[in-house]
Amino acid sequence: MDHVQAIAELKKCGHEVLLVSSGAVAAGFKQLGYPSRPVTVKGKQAAAAVGQSLLIQTYHALFSIYDIMPAQILLTRTDFSKKERYKNAYATFEELLERSMLPIINENDTVSVSELTFGDNDMLSALVSGLVHADQLIILTDINGLYDANPNKNPQAKRIDRLTEVTDEMLGFADGAGSKVGTGGMESKLLAARAALNAGVKVFIGSGYGAQKLIHILDGHGDGTYVEHEALAVLTNNKQWIALTEISGKIFIDNGAEHALLENGKSLLPAGVYRVEGDFEQGDVVEVYSHNKLIGRGEVLYSSLELAHAMGKRTDELTNYPIEVIHRDKWLKIQTK
């Protein structure tokens, strides 16, 4: 009820709100006669099939007190990896928000398979926040932010109030610390924060209580860690999709191509490519590496087989191949350390 009141206060202030909520399996397994949460895939999916309707019924009852109408959205990983489905999902969210609905998003556990899951609701929330061009992603948990050591084991651990990036080192000391709710701990929340930040969305990770907690967080007074920086990119829908979709392969480039991409704003040409990994088709998204360092990702105009034949060749040596491997309008630089 605490979350419901806080969301109602946000909407009263004129904010558009989306809620990413799990709980379908937990809501449904007892109805199926399971003594505890099922561990098999078919058990979880059956419980989700029952629990999804129960969960949304509960939300309907609670939000109706505040004259808020929820709308259930069930997503799979394919909704983010396929460009047309991505655009359709965006259009649906846009229509619901324009009509003052409250989208309540969950993974479609009744049909998801292990290869196509989000991993946890933290990553799902990051992908949704990027999809809708959110101003802020708020990840509420049972620990008030990121610490420089595990606070459950080290009483001297200090909280980090603000971050401008999420590094691998931070992921290391977040491992094992934080929330035990659901499937994601603090490490998964930082991975989600990194994904949201790359998509141009500010993030808050922490706790809060009472009807005003979300407003306090938006005002910069939340009890947790803020992940943001001043130079957040404003991305087009297509570049949002490039930032958030699953990659299909990797391309390795030389110094000249790196300079052209990062410094001169040029497209990637076959001459600058020296290695290809993975099996991808034209229109897929791949990661681009220079000296084994990830520098960005983009939508390719080549298949992996075509690029294996064309890489290293000058433009005048190409026949029946596109000039660009990745056009600059379909390229996204990624900040990593």
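Residues numbered from 1 in each chain as written. Predicted model: local features only at pLDDT ≥ 70, side-chain atom pairs only at ≥ 80, totals over all residues. Heavy atoms only, no water.

We apply this condition: UniProt positions are given in the numbering used here, feature names are shortened, and annotations may be inferred rather than shown by experiment.
For the protein chain, the name recorded in an unreviewed UniProt entry is Glutamate 5-kinase, with Lysinibacillus sphaericus as its organism. As its UniProt record puts it under Sequence similarities (unreviewed entry), the protein chain is described as follows: "Belongs to the glutamate 5-kinase family."

### Some thoughts on the UniProt feature "domain: PUA" (unreviewed entry) in the protein chain
The cut-off we apply is this: Note on conventions: DSSP H or I runs of at least 4 residues are helices, E runs of at least 2 residues are strands, and numbering of each starts at the N terminus.
Here, the residues flagged by UniProt with the feature "domain: PUA" (unreviewed entry) are residues 249-327. End C-alpha to end C-alpha, residues 249-327 measures 17 Å, and it is 19% helix and 30% strand.

### Thoughts on the pattern of salt bridges
Pairs may arise between side chains of opposite charge once their charged atoms sit close together. Spelled out, the test is: Between Lys or Arg on one side and Asp or Glu on the other, a salt bridge is scored when a side-chain nitrogen of the former is within 4 Å of a carboxyl oxygen of the latter.
According to the stated counting rule, one finds 14 salt bridges in the structure shown. Put simply, Glu 246 and Arg 77 hold a salt bridge, and the shortest N to O gap is 2.6 Å. Here the residue Glu 246 occupies a position in the loop between helix H10 (237-244) and strand E10 (249-253), and Arg 77 occupies one in the loop between strand E2 (70-75) and helix H4 (78-81), the gap between them amounting to 169 residues. What emerges from the salt-bridge pattern is a single network uniting Lys 83, Glu 299 and Lys 330.

### What to know about the UniProt feature "binding site: substrate" (unreviewed entry) in the protein chain
For clarity, the threshold we go by: Burial classes: relative accessible area under 20% of the type maximum marks a residue as buried, over 50% as exposed, and values in between as partly exposed (1.4 Å probe, protein chains only). Between two residues, a contact is recorded if the distance between any of their heavy atoms is within 4.5 Å.
Per the UniProt record, the feature "binding site: substrate" (unreviewed entry) sits at Ser 22, Asp 109 and Asn 121. Within the secondary structure layout, Ser 22 lies in the loop between strand E1 (19-20) and helix H2 (24-28). Classification of Ser 22 by relative accessible area gives partly exposed; the value is 44%. Beyond its immediate sequence surroundings of up to four residues, Ser 22 is in contact with Leu 55, Asn 106 and Asn 121.

### Side note on the domain arrangement of the protein chain
Definition in use: Either an automatic procedure or a domain database provided the assignment from which the domain bounds are taken.
If you check the domain split of the protein chain, you get domain 1 (1-234) and domain 2 (247-333). With centres defined by C-alpha atoms, the gap from domain 1 to domain 2 works out at 34 Å.

### Observations concerning the packing of helix H6 (residues 121-131) against helix H8 (residues 186-198)
Note the cut-off: The axes are straight lines fitted to the C-alpha atoms, using for helices just the contacting stretch, and the angles between their N-to-C directions are given from 0 to 180°. An angle counts as roughly parallel when it lies under 35 degrees, as roughly antiparallel when it exceeds 145, as roughly perpendicular when it falls between 65 and 115, and as oblique in every other case. Polar here means any residue outside two lists: the nonpolar Ala, Val, Leu, Ile, Met, Phe, Trp, Tyr, Cys and Pro, and the charged Asp, Glu, Lys and Arg; Gly therefore counts as polar.
Between H6 and H8, the shortest axis-to-axis distance is 8 Å and the interhelical angle comes to 10°. As the angle between them shows, H6 and H8 are arranged roughly parallel. Note on element contacts: H8 touches H6 through Ser 188, Lys 189, Leu 191, Ala 192, Ala 195 and Ala 196, opposite Asp 122, Met 123, Ala 126 and Ser 129. Considering only residue class, the contact of H6 with H8 consists of six nonpolar, two polar and two charged.

### As for the environment of Leu 19
You can see Leu 19 is positioned in strand E1. For the pair Leu 19 and Ile 138, spaced 119 residues apart in sequence, the C-alpha separation works out to 9.7 Å. Apart from residues lying up to four places away in sequence, Leu 19 is in contact with Ile 7, Tyr 59, Leu 102, Pro 103, Ile 104 and Ile 105.

### Describing the packing of aromatic side chains
Under the convention used in this document: To pair, rings of Phe, Tyr and Trp, with the six-membered ring standing in for Trp, must have centres within 6.5 Å; the planes then decide the type, stacked if under 30 degrees apart, edge-to-face if over 60, and tilted in the middle. Charge-over-ring placement is defined geometrically: NZ (Lys) or CZ (Arg) within 6 Å of the ring centre, and within 35 degrees of the ring normal.
Taken as a whole and assessed by the stated rule, the structure comprises six aromatic pairs. Where Phe 252 meets Tyr 289, the ring centres are 5.3 Å apart and the plane angle is 25°; that geometry is what we call stacked. Placement of Phe 252 in strand E10 and of Tyr 289 in strand E12 (residues 285-290) is noted, with a sequence separation of 37 residues between them. According to the relative accessible area criterion, Phe 252 is buried, its value standing at 4%. For Tyr 289, a relative accessible area of 12% translates into the label buried. Through a chain of ring-to-ring contacts, the aromatic side chains of Phe 252, Tyr 274 and Tyr 289 assemble into a single cluster. A cation sits over an aromatic face here: Arg 162 above Tyr 226, 4.6 Å from the ring centre. Over the aromatic face of Phe 252 sits the side chain of Arg 275, whose NZ or CZ is 3.8 Å from the ring centroid.

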